[in-house]
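Fold and geometry: a report
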Amino acid sequence: MRNFRDMWSRQPTKRLGSEFRERQQLAELSFSPPPILSSQSSSCRTLRRTQGDRFIPNRSAMDLDVAHFNLLREAKENVDANLTEKYRKKLAENLFHDVEVLQTPKILAFHKKPPVPSPGAAAEHPLTESFASPPSRIRKIPQSPDRVLDAPELLDDYYLNLLDWSCKNVVAVALGTTVYLWHAETGAIEQLMSTRHEDDYISSISWAQDGRHIALGLNSREVQLWDTSRICQVRKMVGHSGRVSSLAWNQTILSSGGRDSHIINHDVRVRDHVTSHLIGHCQEVCGLKWSPSGHQLASGGNDNLLYIWDAAASASSAVHLHRLENHQAAVKALAWCPFQANLLASGGGTADRCIKFWNTQSGACINSIDTYSQVCALQWNRHQKELLSSHGFSRNQLILWKYPSMSKLAELTGHTARVLHLAQNPDGTTVVSAAADETLRFWKVFGAAPSPRKAMISEAGDLSLRSINIR
């Protein structure tokens, strides 16, 4: 019987093979023993060598980092190339049960381009085209008016307010001594009223929120309230000692500003209609606007002053909230921002030519931009952050601004005299301009209103942003 110890001693040699013997020889050659000091140290070194591991006689001569690198390299080289292909096929079979899909070389090959859709794919999936080529975000702004109407005898007076558009889509315009109504849906024109005296004329117009009643300010120092559905005068209100050049509604309260520099608040429901007098201006009040919330009233005058009045305090006192003196000319153009509370835009006359933005809560001027021409009227876009302004000399143009950068988006020309008045239709897409050239021009400058879904998303986004800044 073969010796068991001999079999055990031969067995490792068979497993390791010639590769191990070559590594063992290299290890022995690289090993350099320390200098021999004595015969005793030599015998000790020989004893330690014989007592070492039979496979690795001396580990001190080996580089473990190199050995680890060689093992990883051998393991990577010995990986079967067909294994990854088998794994890919097995994964495809589990994910896709369709045989035709498995034959497509694009599946799970992410380094290749996606397959080209078949000609009938667009018909089967109509949304494919819309996702493939999304519409451009740049809105095309028409450079010419959509409609032009003649307005003979329209007074060329910067301090008057002779144009307004109701919530029922009816445009009211004062031409000299007569007020006309133009129904936008049908194109019909009807005469509302005419002054009794030839030397009298209409100096201001303002629709009530119900779209049925309209207030008229006259040169004869009186304010008339008319019912347009019955074409009759409801009542007459007095109190000014000069012409009534500006009007503004706040629910049932009608504010009127006159050449006498006074502002009177009227409650149109009661017999004694005068509720308060707001005294601050020293010249004609040519601009008057209530904020959308109804909490603040802005007034501009020929004295180059802009006042902010508090609705809560106006009934008991005539003390203004802010007195703003930054403009260098008459302040007629006023517009409250529809998407940001306490933001007011104002425009100055020929000597000023600036559009200024105010924080009416603090009274601070946020921004000011020189337009290089007289600012006659302002209108905010209700759907996007844009502002439209109308101007006088020298180009008599309309300018669409991007807020808050105040970069010009478009300049609309066509009027041959200064554009005195602006009004906006109920859906906020079209603006009508009235100029001293005795024409009314309708501009689709603001574009269509957003879809209800987009409006909900935008509103939700605004609410989320506002909810973050709670302090």
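Just so it is clear, the structure is predicted and the values come from calculations on it, not from any experiment.

This next bit is on unusual backbone geometry. The omega angle of the peptide bond from Phe-393 to Ser-394 is 20°, so this bond is cis rather than trans. Looking at where Ser-394 falls in the secondary structure, it is placed in the loop between strand E23 (386-391) and strand E24 (398-402). The step from Tyr-403 to Pro-404 runs through a cis peptide bond, and the omega angle for that step is 5°. Phi at Ile-231 takes a positive value of approximately 50°, unusual for a residue other than glycine. Following the sequence through the fold, Ile-231 ends up in the loop between strand E8 (222-227) and strand E9 (232-238). Since its relative accessible area comes to 33%, Ile-231 is described here as partly exposed.

Residue placement: Asn-265 occurs in strand E12 (residues 262-267). The spatial distance from the C-alpha of Asn-265 to the C-alpha of Leu-278 is 8.0 Å, given a sequence separation of 13 residues. A polar contact of 2.6 Å, which involves the side chain of Asn-265, links it to the side chain of Ser-255.

Take the sheet that holds strand E20 (residues 354-359) next. Read from one edge to the other, the open sheet built from four strands follows the order E18-E19-E20-E21, with strand pairing classed as antiparallel. The outermost strands of the open sheet, each flanked by one partner alone, are strand E18 (331-336) and strand E21 (364-370). Neighbour to neighbour, the strand axes of the sheet diverge by 20° on average, direction disregarded. Direction of pairing for strand E19 (residues 343-348) relative to E20: antiparallel, over a ladder of five bridges. Bridge pairing in E20 places Gly-347 opposite Ile-355.

The next subject is the side chain of Asp-157. Of note, Asp-157 is situated in the loop between strand E1 (147-150) and strand E2 (163-165). Looking at Asp-157, its side chain comes within polar contact range of the side chain of Arg-243, at 3.1 Å. Apart from the residues lying within four places of it in its own chain, the contact partners of Asp-157 are Arg-243, Arg-418 and Leu-420.

As a further point, take the pattern of salt bridges. According to the stated counting rule, one finds 13 salt bridges in the structure shown. Note that Asp-156 and Arg-418 form a salt bridge whose closest N and O atoms lie 2.9 Å from each other. Residue Asp-156 is found in the loop between E1 and E2, and its partner Arg-418 is found in the loop between strand E25 (407-412) and strand E26 (419-424); the two are separated by 262 residues along the sequence. Judged by its relative accessible area of 47%, Asp-156 is partly exposed. Arg-418 gets classed as partly exposed once you look at its relative accessible area, which sits at 22%. Linking Arg-269 and Asp-267 is a salt bridge whose minimum nitrogen-to-oxygen distance equals 3.0 Å.

Of the residues in the chain, 70% have a pLDDT of 70 or more, and the chain-wide mean is 82. Long-range and interchain partners of residues 1-16, a stretch whose pLDDT sits below 50, account for seven contacts in this model, where long-range means more than four residues apart. The model gives residues 126-134 a pLDDT under 50, and that stretch makes zero contacts with residues more than four places away or in other chains.

In this section: the sheet that holds E24. In any sheet, the strands associate via hydrogen bonds between backbone groups, in a parallel or an antiparallel arrangement. Ordered by their spatial adjacency, four strands build an open sheet running E22-E23-E24-E25, and the pairing between neighbours is antiparallel. Looking at which strands have only one partner, the edges of the open sheet turn out to be strand E22 (375-380) and E25. When strand polarity is set aside, the average angle formed by the axes of neighbouring strands in this sheet is 25°. The pairing of E22 with E23 spans five bridges and is classified as antiparallel. Residue pairing in the sheet places Val-375 in a bridge with His-391 of E23.

Calculation rules
- Residues numbered from 1 in each chain as written.
- Predicted model: local features only at pLDDT ≥ 70, side-chain atom pairs only at ≥ 80, totals over all residues.
- Heavy atoms only, no water.
- Helix = DSSP H or I, 4+ residues; strand = E, 2+ residues; numbered from the N terminus.
- Buried < 20%, exposed > 50% of the residue type's maximum accessible area, 1.4 Å probe, protein only.
- Polar contact = N/O pair within 3.5 Å; in protein donor to acceptor, adjacent residues only side chain to side chain.
- Pairing = 2+ DSSP bridges.
- Axes fitted to C-alpha atoms, helices over the stretch in contact; angles between N-to-C directions.
- Contact = heavy atoms within 4.5 Å.
- Salt bridge = Lys/Arg side-chain N within 4 Å of Asp/Glu carboxyl O.
- pLDDT = per-residue confidence, 0-100.

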